[in-house]
Amino acid sequence: MTATPLVVLVGPMGVGKSTVGQRLAERLGVAYRDTDDDIVATEGRTIAEIFVDEGEPVFRAIEKRAVHQALAGHDGVLALGGGSILDEDTRALLTGHRVVYLSMDVDEAVKRTGLNAARPLLAINPRKQWRELMEARRHLYAEVAQAVVPTDGRTPEDVTQAVLDALELKEA
């Protein structure tokens with residue numbers, strides 16, 4: 001018998017998937033898992049290092065495997081990497097799951113991440129690149145999501161409560 005996540009969080013880098021995911025898991029009394037953490041643990045290096053050493057296509061293949069394994073084997077709250085929804089097979093696998101898209105605008109992204117170089121896709125002209133990434137991805141996040149929860153100007157606790165409300169989930 002395979003497990004299925006109670007909630008899957010998607011959204012851009014820096015939106016708070018990890019923070020909200022951990023709080024959500026605590027409030028629901030379930031485990032938390034982040035596919036980015038899975039990748040780092042399996043590969044023994046950071047995501048930025050994988051990008052630099054092997055390029056984005058290799059990273060995306062690694063990410064796809066990690067997401068598919070997590071979707072099949074985790075029954076708590078699952079946070080996916082920001083670009084995981086680029087893969088068509090992954091989007092298809094998300095059908096039928098409780099997926100929440102945590103959204104934010106570029107000004108909020110600047111406040112939260114500083115759009116720093118530790119994020120490989122934002123290394124040059126981060127504000128422009130973030131906007132371009134979101135133009136390419138926003139519709140994909142919305143496509144897989146049952147609910148969209150804006151995070152701009154909200155505390156992690158407010159966002160966590162909004163996710164619970166949007167999915168009509170009861171705390172443990």
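Definitions and cut-offs
- In this convention, every chain numbers its residues from 1, walking through the sequence in written order.
- Confidence filtering applies because this is a predicted model: local features only for residues at pLDDT of at least 70, side-chain atom pairs given and counted only at 80 or more, and all residues used for totals across whole chains, interfaces and linings.
- Derived side-chain values reflect all non-hydrogen atoms in the structure, with water molecules and hydrogen atoms excluded from consideration.
- UniProt positions are given in the numbering used here, feature names are shortened, and annotations may be inferred rather than shown by experiment.
- Each helix is a run of H or I in the DSSP string that is no shorter than four residues. Each strand is a run of E no shorter than two, and both are numbered from the N terminus.
- Only protein chains enter the accessibility calculation, which uses a 1.4 Å probe; a residue whose area is less than 20% of its type maximum is buried, one above 50% is exposed, and one in between is partly exposed.
- Residue contacts are counted whenever heavy atoms from the two residues lie within 4.5 Å of one another.
- Axis definition: a line fitted to C-alpha atoms, over the contacting stretch in the case of helices. Angles run 0 to 180 degrees between N-to-C directions.
- Between 65 and 115 degrees an angle is taken as roughly perpendicular, under 35 as roughly parallel, over 145 as roughly antiparallel, and anywhere else as oblique.
- Ring pairs are drawn from Phe, Tyr and Trp, using the six-membered ring of Trp, whenever the two centres fall within 6.5 Å, and their geometry is named by plane angle: stacked under 30 degrees, edge-to-face over 60, tilted for the rest.

- Under an unreviewed UniProt entry, the name given to the protein is Shikimate kinase, and the source organism is Streptomyces sp. R08.
- Under the UniProt heading Catalytic activity (unreviewed entry), the note attached to the protein is "shikimate + ATP = 3-phosphoshikimate + ADP + H(+)".
- Listed in UniProt under the heading Pathway (unreviewed entry), the comment for the protein reads: "Metabolic intermediate biosynthesis; chorismate biosynthesis; chorismate from D-erythrose 4-phosphate and phosphoenolpyruvate: step 5/7."

1. Examining the environment of leucine 94
And then number 1: Within the fold, leucine 94 resides in helix α5 (residues 88-94).
And then number 2: For leucine 94, a relative accessible area of 2% corresponds to the buried category.
And then number 3: Placed 23 residues apart in sequence, leucine 94 and leucine 71 show a C-alpha to C-alpha distance of 8.1 Å.
And then number 4: Every residue in contact with leucine 94, bar those within four places of it in the chain, is listed here: Val8, Leu71, Leu80, Ile85, Val99 and Val144.

2. Topic: the packing of helix α3 (residues 47-54) against helix α4 (residues 56-73)
And then number 1: Taken N-terminus to C-terminus, the directions of α3 and α4 make an angle of 135 degrees; their axes are 7 Å apart at the nearest point. With respect to their mutual orientation, α3 and α4 come out oblique. Residue-level inspection shows Ile47, Ile50, Phe51 and Glu54 of α3 in contact with α4, the latter providing Glu56, Val58, Phe59, Arg60 and Ile62.

3. With respect to the UniProt feature "binding site: Mg(2+)" (unreviewed entry) in the protein
And then number 1: Mapped onto the present numbering, the UniProt feature "binding site: Mg(2+)" (unreviewed entry) falls at Ser18.
And then number 2: Within the fold, serine 18 resides in helix α1 (residues 17-28).
And then number 3: What makes serine 18 partly exposed here is its relative accessible area of 32%.
And then number 4: Once residues lying within four places of it in the same chain are set aside, the contact partners of serine 18 are Tyr32 and Asp34.

4. Here we look at the packing of aromatic side chains
And then number 1: If you walk through the whole model with that rule in mind, you get 2 aromatic pairs.
And then number 2: Ring centres 4.9 Å apart and planes at 35 degrees place the aromatic pair phenylalanine 51 and phenylalanine 59 in the tilted group.
And then number 3: Residue classification places phenylalanine 59 among the buried residues on the basis of a relative accessible area of 2%.

5. Remarks on the UniProt feature "binding site: substrate" (unreviewed entry) in the protein
And then number 1: Mapped onto the present numbering, the UniProt feature "binding site: substrate" (unreviewed entry) falls at Asp36, Arg60, Gly82 and Arg137.
And then number 2: With respect to the helices and strands, glycine 82 occurs in the loop between β3 (77-79) and α5.
And then number 3: If we ignore the near neighbours within four places in the chain, the residues touching glycine 82 are Gly11, Met13, Lys17, Arg137 and Tyr141.
And then number 4: Its place among the elements puts arginine 137 in helix α7 (residues 126-144).
And then number 5: Arginine 137 gets classed as buried once you look at its relative accessible area, which sits at 4%.

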